[in-house]
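# Breakdown of the fold
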Amino acid sequence: METIAVIDFETTGLAPAQGDRATEIAVVLVRDDKIVDRYQSLINAGRGIPPFIEHLTGITNAMVRDAPPAKQVMAEVADFVGTLPMVAHNANFD
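Quick caveat, the model's predicted, so the values are computed rather than measured. (Residues numbered from 1 in each chain as written. Predicted model: local features only at pLDDT ≥ 70, side-chain atom pairs only at ≥ 80, totals over all residues. Heavy atoms only, no water.)

For the rest of this paragraph, the subject is unusual backbone geometry. Of note, Asp32 is a non-glycine position whose phi angle comes to about 55°, a positive value. Note on placement: Asp32 falls in the loop between strand E2 (22-31) and strand E3 (34-42). Owing to a relative accessible area of 43%, Asp32 belongs among the partly exposed residues under this scheme. With a phi close to 65°, Asp33 is a non-glycine residue in the positive phi region. By the element assignment, Asp33 lies in the loop between E2 and E3. (Helix = DSSP H or I, 4+ residues; strand = E, 2+ residues; numbered from the N terminus. Buried < 20%, exposed > 50% of the residue type's maximum accessible area, 1.4 Å probe, protein only.)

Another point: the packing of aromatic side chains. Tallying each qualifying case throughout the model produces one aromatic pair. Judged by centre distance (5.9 Å) and plane angle (40°), the rings of Tyr39 and Phe80 are tilted. Of this pair, Tyr39 sits in strand E3 while Phe80 sits in helix H3 (residues 70-81), and the two are 41 residues apart along the sequence. Judged by relative accessible area, which is 14%, Tyr39 ranks as buried. (Phe/Tyr/Trp six-rings, centres within 6.5 Å; stacked < 30°, edge-to-face > 60°.)

Core analysis: the largest hydrophobic core is formed by 12 residues, namely Ala5, Ile7, Phe9, Ile25, Val27, Leu29, Tyr39, Ile43, Val73, Val77, Phe80 and Val81. Those elements giving two or more residues to this core turn out to be strand E1 (4-11), E2 and H3. The element that contributes the greatest number of residues to this core is H3, accounting for four residues. For Val81, the residues in contact, after removing those within four places along its chain, are Ala5, Val27 and Met86. Counting residues in each nonpolar core, the second largest holds six residues, with Leu42, Ile49, Ile53 and Ala67 among its members. (Core = buried A, V, L, I, M, F, W, Y, C linked by side-chain atoms within 4.5 Å. Contact = heavy atoms within 4.5 Å.)

Time to look at the environment of Asp37. As for its position among the elements, Asp37 is in strand E3. Taking the C-alpha atoms as reference points, Asp37 and Val27, separated by 10 residues in sequence, lie 8.5 Å from one another. Sequence-distant contacts of Asp37, defined by excluding residues within four places in its chain, comprise Val27, Val28, Leu29 and Phe80.

Time to look at H3. An ideal rise of 1.5 Å per residue puts 16 Å on 12 residues; H3 measures up with 16 Å between its terminal C-alpha atoms. Looking at H3, one finds that the buried residues are Val73, Val77, Phe80 and Val81. Within H3, the buried residues cover an arc of 85° as seen down the axis, which keeps them to one side. Exposed side chains of H3 directed beyond 90 degrees from the buried face belong to Lys71 and Asp79. If you follow the buried residues of H3, they end up packed against E1, E2, E3 and strand E4 (86-88). Just past H3, the residue Gly82 takes up positive phi, approximately 60°. (Expected span 1.5 Å × (residues − 1). Arc of directions from axis to C-beta.)

Listed below in structure tokens is the structure:
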């Protein structure tokens, strides 16, 4: 069976057009119904996380303060995933 990459983000909110950004990304590589590798990173979104989102996700402003920026994290994710097909949760936003 082919390996696929399953990706999910946590964000500062649901409106990217209004400045909401990713705060965490997780990717698992799945083959034969088993996780064969994984990548996870917090992301410094360059903007504050609203209290409601902190409560919902458990990700706080303090946690992302020293996290790498999105550009660095997304480059690492691109290297990790390569040309594998991807499946995303809530793909319209992610």
